[in-house]
Amino acid sequence: MARGEDIASIIRQQIEQFGTMVTMVDVGTVVEVGDGIARIHGLAGAKYNELIQFPNGVIGIALNLEEDSVGVVILGDYAEIKEGDEVRCTGRIAEVPVGDALVGRVVNPLGEPLDGKGSIRYEKTRPVERVAPNVVLRKSVDTPVHTGIKAIDSMIPIGRGQRELIIGDRSTGKTAIALDTIISQRGGDLICIYVAIGQKSSKVAQAVAILENYGAMEHTIVVSAHASDPAALQYLAPYAGCAMGEEFMEQGRDALIIYDDLSKHAWAYRQLSLLLRRPPGREAYPGDIFYLHSRLLERAAKMAPEYGGGSLTALPIIETQAADISAYIPTNVISITDGQIYLESDLFNAGIRPALNVGLSVSRVGGAAQTEAMKRVAGKLRLDLAQYRELAAFAQFGAAELDKTTRAQLERGQRITEVLKQPQYVPMPMGKEVIILYAVINGYLDDVPIERVRAFERDFHRFMEMSHPEIGERIAKDKALSDETEEALKKAIAEFKESVPY
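Residues numbered from 1 in each chain as written. Predicted model: local features only at pLDDT ≥ 70, side-chain atom pairs only at ≥ 80, totals over all residues. Heavy atoms only, no water.

*Asks:* Would you mind going over the overall build of the protein with me for this structure?
*Replies:* Helix and strand counts for the protein stand at 15 helices and 16 strands. In terms of its C-alpha atoms, the protein occupies a principal-axis envelope of roughly 120 × 45 × 40 Å. Partitioning the contacts of the protein with sequence separation of at least 6, the portion at a separation of at least 24 is 74%. Looking at the protein as shown, the accessible area adds up to about 23100 Å², and 53% of this sits on carbon and sulfur atoms. (Helix = DSSP H or I, 4+ residues; strand = E, 2+ residues; numbered from the N terminus. Contact = heavy atoms within 4.5 Å. Areas by Shrake-Rupley, 256 points an atom, 1.4 Å probe, with all protein chains shown as cover.)

This is how it looks when you write it as structure tokens:
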């Protein structure tokens, strides 16, 4: 009889458990917590960069996989977490929402909105870390990213798929160049991603307000990890932004990403590494600090047409201390990128803005990323400017003894410098840039007093728009300066100089 009861209890148990799924979850116990880092015993199956679930809905990322414990950085408020808490593996690698739903929004590195415009309805996520496309998938850079800044478009051209570093001391206009480039893409096909790392909330809000005022938020995603956010979020921010950009690149579209700035990113990573008790190296940075930035910037690429033909252009920003570009992090990033735009405090304070040091700035893609029209006027520009700088260094010892040719070169150089000055947030269309650079290089401004050069430029653009709009339109459409267009331009300049004497 007892046997019959046993069978009945087993059947009853099976009926009660019918339909329930048996799942295995890797669990561990918090043995130590503090400063945004938790050390966990257990979690034998944890993967690198895996999301770890804490009590109270807090998420962490597994960064240290040791023999008897796992070091986890906590992405949120760690005040509630205590020793002895049970934690679980989620099986998900750190990922962010991607796609068009994010365009026009301000989000944190986890893809959560910060702009108060409601939740984001995304359809897809991507892992924040991914291996960069290999050489076979890539194509050489050949299409320009038009920044609207005369000095950059003419002498340090940026191509789609390039990585161009913007470097300089604080308050030299690095962010201004990045924002001008974003504003310049209005009405174009380039999606922009602005990643703010470790900046004050007020500064990020100011940048967003500027982009909104100039109608640039319509094609921009802002990813922000504020200075008050945990170091883990600041570490994650550029990778999250990069994953969002890669999604557009893989759809065959073009994207531009700005990392503002990677110095603060390196500081955040140093903080995490020291808290995770990784051995410190030079300047207390961990041994893999180069790899931190190389694996990020290598993901910028121009894909070959058979692989979609999309591109991701990266403009990392580095802040130097006392103009020391040979410091550890600046030299690391200079060696990873395809050139740098070097901004100088002395030039900035002298009123030359953008404060571009043409001697130390370089684009390793060069003319390949320029239109034919710009190539034609810019080739002579860099040479003229280099000669002017050399002569100016000698001329300060005794201007009276200079011969006529040298004095003419100095005068030309001063006018080129004036023309290359440009106010903030007014990027210039390519046609206009070519017209004014053509005029100054070919000596049409040599008889204009230096203090009147800016006024000449303003009035000349207005005259061209009113009387000869077809010239600028033709240059913009053909992206070349044909002999016919050049003749028309020469006549228009002569006509303007007759009508408005300077």
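*Asks:* Can you help me understand a nonpolar patch on the surface in this one?
*Replies:* Residues Ile-7, Ile-11 and Ile-15 make up a contiguous nonpolar surface patch of roughly 280 Å² in combined accessible area. Following the sequence through the fold, Ile-7 ends up in helix α1 (residues 2-17). (Patch = residues over 30% accessible without salt bridge, like charges linked within 9 Å, V, L, I, M, F, W, Y side chains within 5 Å. Salt bridge = Lys/Arg side-chain N within 4 Å of Asp/Glu carboxyl O.)

*Asks:* Explain the sheet that holds strand β5 (residues 70-74) to me, please; I cannot follow it from the model alone.
*Replies:* Note: strands within a sheet are paired through backbone hydrogen bonds, in either parallel or antiparallel orientation. One closed barrel accounts for six strands, arranged β1-β2-β5-β4-β3-β6; its pairing is antiparallel. Ignoring strand direction, the axes of neighbouring strands in this sheet form an average angle of 45 degrees. Relative to strand β6 (residues 86-93), strand β1 (residues 27-34) runs antiparallel, the two being bridged by three bridges. In the sheet register, Gly-28 faces β6, and the bridge partner there is Val-87. (Pairing = 2+ DSSP bridges. Axes fitted to C-alpha atoms, helices over the stretch in contact; angles between N-to-C directions.)

*Asks:* When you look at the side chain of Thr-417 in this model, what are you seeing that I'm missing?
*Replies:* Here Thr-417 is to be found in helix α11 (residues 404-420). What makes Thr-417 buried here is its relative accessible area of 18%. Of the polar contacts made by the side chain of Thr-417, one reaches the backbone oxygen of Gly-413; its length is 2.8 Å. Apart from residues lying up to four places away in sequence, Thr-417 is in contact with Ile-352, Leu-385 and Tyr-388. (Buried < 20%, exposed > 50% of the residue type's maximum accessible area, 1.4 Å probe, protein only. Polar contact = N/O pair within 3.5 Å; in protein donor to acceptor, adjacent residues only side chain to side chain.)

*Asks:* Hey, could you run me through the packing of aromatic side chains in this one?
*Replies:* Two numbers describe a pair of aromatic rings. These are the distance of the centres and the angle of the planes. Tallying each qualifying case throughout the model produces nine aromatic pairs. Positioned over the ring face of Tyr-285 is Arg-270, at 4.2 Å from the centre of the ring. (Phe/Tyr/Trp six-rings, centres within 6.5 Å; stacked < 30°, edge-to-face > 60°. Lys NZ or Arg CZ within 6 Å of the ring centre and 35° of its normal.)

*Asks:* Mind showing me how you'd approach the layout of surface pockets here?
*Replies:* The method is simple in principle: a probe with the dimensions of a water molecule rolls over the atoms, and the space it marks as empty is what remains. In this structure, the largest pocket spans a volume of roughly 810 Å³. In terms of lining, the largest pocket is formed by 32 residues, of which the most central are Gly-173, Lys-174, Thr-175, Ala-176 and Lys-203. Breaking the lining of the largest pocket down by element, the ones donating at least two residues are α3 (174-183), β11 (190-199), α4 (201-213) and β14 (311-319). Considering every element that reaches the lining of the largest pocket, the biggest residue donor is α3, with six residues. Empty space within the second largest pocket amounts to approximately 540 Å³. Lining the second largest pocket we find 25 residues, and of these Val-145, His-146, Ser-184, Gln-185 and Met-430 sit closest to its centre. For the lining of the second largest pocket, the residue count by class is twelve nonpolar, eight polar and five charged. (1 Å grid on protein atoms, 1.4 Å probe; cavity = no way out; pocket = protein on both sides within 12 Å on 5 of 7 lines; lining within 4 Å. Points joined across faces, edges and corners; volume = space filled by probe spheres on them. Nonpolar A, V, L, I, M, F, W, Y, C, P; charged D, E, K, R; others polar.)

*Asks:* Looking at this structure, how should I read the sheet that holds strand β16 (residues 362-363)?
*Replies:* Pairing is mixed across the open sheet formed by eight strands, whose spatial order is β8-β12-β11-β13-β14-β10-β15-β16. A strand with exactly one partner marks an edge of an open sheet, and here the two such strands are β8 (106-107) and β16. Pairing between strand β10 (residues 165-168) and β14: three bridges, direction parallel. When the bridges of β14 are listed, Gly-168 appears paired with Glu-319. Sitting on the sheet, α3 touches β10, β11, β12 (220-226), β13 (254-260), β14 and β15 (339-343), and the angle it makes with β14 is about 160 degrees. Packed onto the sheet, helix α6 (residues 262-275) meets β11, β13 and β14 and runs at close to 75 degrees relative to β14.

*Asks:* Just checking my understanding: could you explain the environment of Lys-203 for this structure?
*Replies:* Note on placement: Lys-203 falls in helix α4. On the basis of relative accessibility, which here comes to 38%, the residue Lys-203 falls in the partly exposed class. Lys-203 sits 23 residues away from His-226 along the chain, and the two C-alpha atoms are 9.5 Å apart.

*Asks:* Whenever I open this one, the pattern of salt bridges confuses me. Can you help?
*Replies:* Should the charged atoms of two oppositely charged side chains come close, the side chains can pair. If you walk through the whole model with that rule in mind, you get 36 salt bridges. Linking Glu-465 and Lys-432 is a salt bridge whose minimum nitrogen-to-oxygen distance equals 2.7 Å. You can see Glu-465 sitting in helix α13 (residues 453-467) and its partner Lys-432 sitting in helix α12 (residues 430-441), a full 33 residues away along the chain. By relative accessible area, Glu-465 is classed as partly exposed at 45%. For Lys-432, a relative accessible area of 27% corresponds to the partly exposed category. Within the structure, one salt-bridge network assembled from shared partners comprises Lys-124, Arg-126, Arg-130, Glu-246, Glu-247, Glu-250 and Arg-299.

*Asks:* Which parts of the structure should I look at to understand the state of the cysteines?
*Replies:* Throughout this description, disulfide means a covalent bond between two cysteine sulfur atoms. The tally for this structure, following the rule as stated, stands at zero disulfides. Of the cysteine sulfurs around Cys-242, a residue in no disulfide, the closest is that of Cys-192, at 15 Å. Taking relative accessible area as the criterion, Cys-242 reaches 0% and is therefore assigned buried. (Disulfide = S-S within 2.5 Å.)

*Asks:* Mind showing me how you'd approach the side chain of Arg-278 here?
*Replies:* Secondary-structure assignment places Arg-278 in the loop between α6 and α7 (289-297). Of the buried charged residues, Arg-278 lacks a salt bridge, with Asp-288 as the closest side chain of opposite charge at 4.1 Å. At 2.8 Å, the side chain of Arg-278 forms a polar contact with the side chain of Tyr-269. In this structure, Arg-278 is in contact with Tyr-48, Leu-63, Asn-64, Tyr-269, Ser-273 and Asp-288, ignoring residues within four places of it in sequence. (Lys, Arg positive; Asp, Glu negative; His and termini not counted.)

*Asks:* I keep staring at the packing of α3 against α4 and nothing clicks. Help me out?
*Replies:* How two helices sit against one another is set out by the angle between their axes and by the gap between those axes. One can describe the packing of α3 onto α4 by two numbers: an axis separation of 10 Å at closest approach and a directional angle of 30 degrees. One finds that α3 runs roughly parallel with respect to α4. Between α3 and α4 lies a crossing whose hand is right-handed. Here α3 contributes Thr-175, Leu-179, Ile-182 and Ile-183 to the contact with α4, which in turn contributes Lys-203, Ala-207, Ile-210 and Leu-211. Split into classes, the residues belonging to the contact of α3 with α4 amount to six nonpolar, one polar and one charged. (Parallel < 35°, antiparallel > 145°, perpendicular 65-115°, else oblique. Left-handed = near helix turned anticlockwise from the far one by under 90°.)

*Asks:* I would appreciate a short explanation of unusual backbone geometry in the present structure.
*Replies:* Only a minority of non-glycine residues have a phi that is not negative, and only a minority of peptide bonds are not trans. The omega angle of the peptide bond from Asp-260 to Asp-261 is 0 degrees, so this bond is cis rather than trans. Secondary-structure assignment places Asp-261 in the loop between β13 and α6. With omega at 0 degrees, the peptide bond leading from Arg-353 into Pro-354 counts as cis. Checked against the element boundaries, Pro-354 lands in the loop between α9 (345-349) and β16. Positive phi, close to 50 degrees, is recorded for Leu-43, a residue that is not glycine. The topology assignment puts Leu-43 in the loop between β2 (37-42) and β3 (50-53). Look at Leu-43 and you get buried, because its relative accessible area is 2%. Phi at Ser-171 is positive, roughly 60 degrees, even though this residue is not glycine. Here Ser-171 lies in the loop between β10 and α3. The exposed category is assigned to Ser-171, whose relative accessible area is 54%.

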